[in-house]
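Fold and geometry: a report
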Number of protein chains: 2
Amino acid sequence: MAHGRNPCSPDSAFPLTPTTDDGIDEKAFVGLFDRLAAAEVDSITALGSTGCYPYFDRDERARVARLAVEHAGGIPVIVGIGCMRTREVLRLAEDAQRAGASAVLLPPMSFHPLTADEVFGLYEDVTAELSVPLVVYDNPGTTRFTFTDELHARIAELPNIASIKIPGVPATPDEAEARIAHLRAVLPSSVTLGVSVDPLAATGLITGCDAWNSVLAGTVPEPAVAITRAAQAGDSASATAESERLQPLWDLLTRHGSLRVVSAIAEVLGLVGHPTLPRPLHGLSSDERADVVEVVERLALH
Amino acid sequence: MAHGRNPCSPDSAFPLTPTTDDGIDEKAFVGLFDRLAAAEVDSITALGSTGCYPYFDRDERARVARLAVEHAGGIPVIVGIGCMRTREVLRLAEDAQRAGASAVLLPPMSFHPLTADEVFGLYEDVTAELSVPLVVYDNPGTTRFTFTDELHARIAELPNIASIKIPGVPATPDEAEARIAHLRAVLPSSVTLGVSVDPLAATGLITGCDAWNSVLAGTVPEPAVAITRAAQAGDSASATAESERLQPLWDLLTRHGSLRVVSAIAEVLGLVGHPTLPRPLHGLSSDERADVVEVVERLALH
């Protein structure tokens, strides 16, 4: 596992943005950041998908960025600036930089499906105005845009492109290694790769990703940090064993989606109120929550 | 073709929301409304998908709603209130009603994929606060949410549900008729059905839809009104013939997406400036525009 000097390596925790009826639950938000600082994650990404970035307005997002930097205990903070319109993305980038973000994370949100040239244009417009590194957020499950490797390569040549948050890697180590090697071959060596999809993170880190963009780490950082540290030390066996121990949790994430499961865990652990997701999102049903409680206890998540 | 007393019947024109670098091109927007009023469309829907609703902020959307009602020449105006978060949808509904909208149009925008219960909850929350009719906007191509007939039936029982804007109908008349009959059987008779997907509109109107939610009518109203009037008069042959005449246009819509083609037509006709779409959206390439120019001339669109 190699990684560059880059705020996006090697373990980036993606916390929730807890809400109340009226707005952001700032006390709970700050509490999550205190936990992450204490667990010594390598970076924290506010307003990623888990942080529900499209559900908040500009003022709320600026406030979240300021709180995040203030309560990260010196750990680099990356701020998500995804938005439907380029004009708004530029405003959010300005707000994030003013708040002291070490980097920004940009997904190509789409409504009318975007062409490759339009997505390139978005990154071109934004990096031209930016003075901090940018992480390309490749998350087709929420943005509904699918990058080609060719487009990643074009975007990676733009100034300030630091990293790509890729959606996952193939589940078998050989295929994962081939995938990462293929992607690296078309990218400048300065651009790091971060794996998402928590159940695939150990495989991704072992087979050549520089970072893990972790939903789990944003709420329950210890096991995520343990996997990352083992992979960093070249101890693939320990990284894999810890990931395998968490299989019942990975099964829940796969079944219900990571946001709903992680927000239920945060509720069960008393880190956020209930409900904590912005409507129209609902939490899990009470049966589904009971499964979460069982897994939290069995795996001693805390 | 039957239709109820409902602001959403039988021909609803979906105009663009032309933009400039700075904001909304109000002069062009008002010009489009003057055209639609002169063509005597039955209703006008501002801020539908063609009106690019998710690209504008609350103030812009309130302004669009006011301008729309002011310049519709007494024709009922429906205003799109789609937004990621229920709280914002409620605010947009308030603004639309204050502007004098005759109805509102609500798509279930999604980011984290929504469950059926969450979508029902959205319509429940919004209709509880509403004093004008609501059109359910079933548009999976942009919202990425797919309704089941069962969910349509549940939502149709809520107060103020006036109509469902369905994405399309099967291309063959027999299958279209069966599809419409099946949907009607599960819905209250007060709820009308509006077909979208312009190339399928004549088939939809002939086989039992009450309305056509028309992208074409928002920019080039005459042929759309002609098809609708023929279908209303029971003259299926004329409706079909006019739709078949427009086949070169339908081919372009299918190939490039209706928004890009219709905005190019509006540019070619001098109704809007260039570019008129909000970034990151680009217009068509110059080759693609040349195809549009050719079709506009061949079909004598004006």
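Residues numbered from 1 in each chain as written. Chains lettered and ligands numbered in written order. Predicted model: local features only at pLDDT ≥ 70, side-chain atom pairs only at ≥ 80, totals over all residues. Heavy atoms only, no water.

**Description of the relation of the copies chain B and chain A**
- Rotating chain B by 180° and translating it 0.0 Å along the rotation axis places it on chain A, where the RMSD comes to 0.0 Å. Between the two chains, the operation in question is that of a two-fold axis. When each C-alpha of chain B is compared by its distance to the rotation axis, Arg144 of chain B comes out closest, at 4.3 Å.
- Of all interface residues in chain B, 100% are interface residues in chain A too; the two copies therefore contact each other through one and the same surface. (Least-squares fit on C-alpha atoms with pLDDT ≥ 70 in both. Contact = heavy atoms within 4.5 Å.)

**A word on the UniProt feature "active site" (unreviewed entry) in chain A**
Residues and elements named next belong to chain A.
- In the numbering adopted here, UniProt assigns the feature "active site" (unreviewed entry) to Tyr137 and Lys165. These annotated residues cover 29 residues of sequence, but their C-alpha atoms sit close together, with the largest distance between any two at 5.0 Å.
- With respect to the helices, strands and loops of the structure, Tyr137 is situated in strand S5 (residues 134-137).
- Once you skip the residues sitting within four places of it in the chain, Tyr137 turns out to touch Phe14, Gly48, Ser49, Tyr53, Leu105, Leu106, Pro107, Pro108, Tyr123, Phe147 and Lys165.
- Within the structure, Tyr137 has its side chain in polar contact with the side chain of Ser49 (distance 2.6 Å).
- By secondary structure assignment, the location of Lys165 is in strand S6 (residues 161-166).
- Each residue touching Lys165, except ones within four places of it in the same chain, is listed here: Phe14, Leu105, Val135, Val136, Tyr137, Asp138, Gly194, Ser196 and Asn213. (UniProt positions renumbered as here; feature names shortened; annotations may be inferred. Helix = DSSP H or I, 4+ residues; strand = E, 2+ residues; numbered from the N terminus. Polar contact = N/O pair within 3.5 Å; in protein donor to acceptor, adjacent residues only side chain to side chain.)

**Considering the packing of aromatic side chains**
- Scanning the entire structure with this criterion turns up 12 aromatic pairs over all chains.
- Taking 4.9 Å as the distance between ring centres and 75° as the angle between the ring planes, the aromatic pair formed by Phe111 of chain A and Tyr53 of chain B counts as edge-to-face. Residue Phe111 of chain A is found in the loop between strand S4 (103-106) and helix H4 (116-127), and its partner Tyr53 of chain B is found in the loop between strand S2 (43-46) and helix H2 (58-70); the two belong to separate chains. For the pair shown, Phe111 of chain A and Tyr53 of chain B are each scored as buried. (Phe/Tyr/Trp six-rings, centres within 6.5 Å; stacked < 30°, edge-to-face > 60°. Buried < 20%, exposed > 50% of the residue type's maximum accessible area, 1.4 Å probe, protein only.)

**Structural notes on the packing of helix H12 (residues 247-256) of chain B against helix H13 (residues 258-268) of chain B**
Residue and element names in this part refer to chain B.
- Axis separation between H12 and H13 bottoms out at 6 Å; the angle between their running directions is 125°. By the angle between their directions, the pair H12 and H13 is classed as oblique. Counted together, Leu249, Leu252, Leu253 and His256 of H12 and Ser258, Arg260, Val261, Val262 and Ile265 of H13 form the full contact between these two elements.
- Taken together, the residues of the contact of H12 with H13 sort by class into 6 nonpolar, 2 polar and 1 charged. (Axes fitted to C-alpha atoms, helices over the stretch in contact; angles between N-to-C directions. Parallel < 35°, antiparallel > 145°, perpendicular 65-115°, else oblique. Nonpolar A, V, L, I, M, F, W, Y, C, P; charged D, E, K, R; others polar.)

**Structural notes on the environment of Ala72 of chain A**
- Looking at the element boundaries, Ala72 of chain A is found in the loop between helix H2 (58-70) and strand S3 (77-80).
- Sequence separation between Ala72 of chain A and Asp34 of chain A is 38 residues; the distance between their C-alpha atoms is 6.8 Å.

**Looking at the sheet that holds strand S7 (residues 192-195) of chain B**
Residues and elements named next belong to chain B.
- Around the barrel, 8 strands lie side by side as S1-S2-S3-S4-S5-S6-S7-S8; this closed barrel has parallel pairing. This sheet shows a mean twist of 25° between the axes of neighbouring strands, independent of strand direction.
- With 2 bridges joining them, S7 and strand S8 (residues 211-214) adopt parallel strand pairing. Note that in S8 the partner of Val195 across the bridge is Trp212. (Pairing = 2+ DSSP bridges.)

**Quick look at the sheet that holds strand S7 (residues 192-195) of chain A**
Residues and elements named next belong to chain A.
- Strand order in the closed barrel made by the 8 strands is S1-S2-S3-S4-S5-S6-S7-S8, with parallel pairing throughout. Here the strands of the sheet are splayed against their neighbours by 25° on average, with no regard to which way each runs.
- Inspection of the sheet shows S4 paired to S5 by 3 bridges, in the parallel sense. Within S5, the position partnered with Leu106 by the bridge is Val136.

**A short note on helix H7 (residues 173-186) of chain A**
All names here are of chain A.
- In a regular helix each residue adds 1.5 Å, so 14 residues correspond to 20 Å; H7 covers 20 Å between its end C-alpha atoms and thus fits that length.
- For H7, the full list of buried residues reads Ala176, Ile180 and Leu183. The buried residues of H7 occupy one face: seen down the axis, they fall within an arc of 65°. Of the residues in H7, the exposed ones pointing more than 90 degrees away from the buried face are Asp174 and Ala185.
- Here the buried face of H7 lies against helix H6 (149-156), S6, S7 and helix H8 (201-206). (Expected span 1.5 Å × (residues − 1). Arc of directions from axis to C-beta.)

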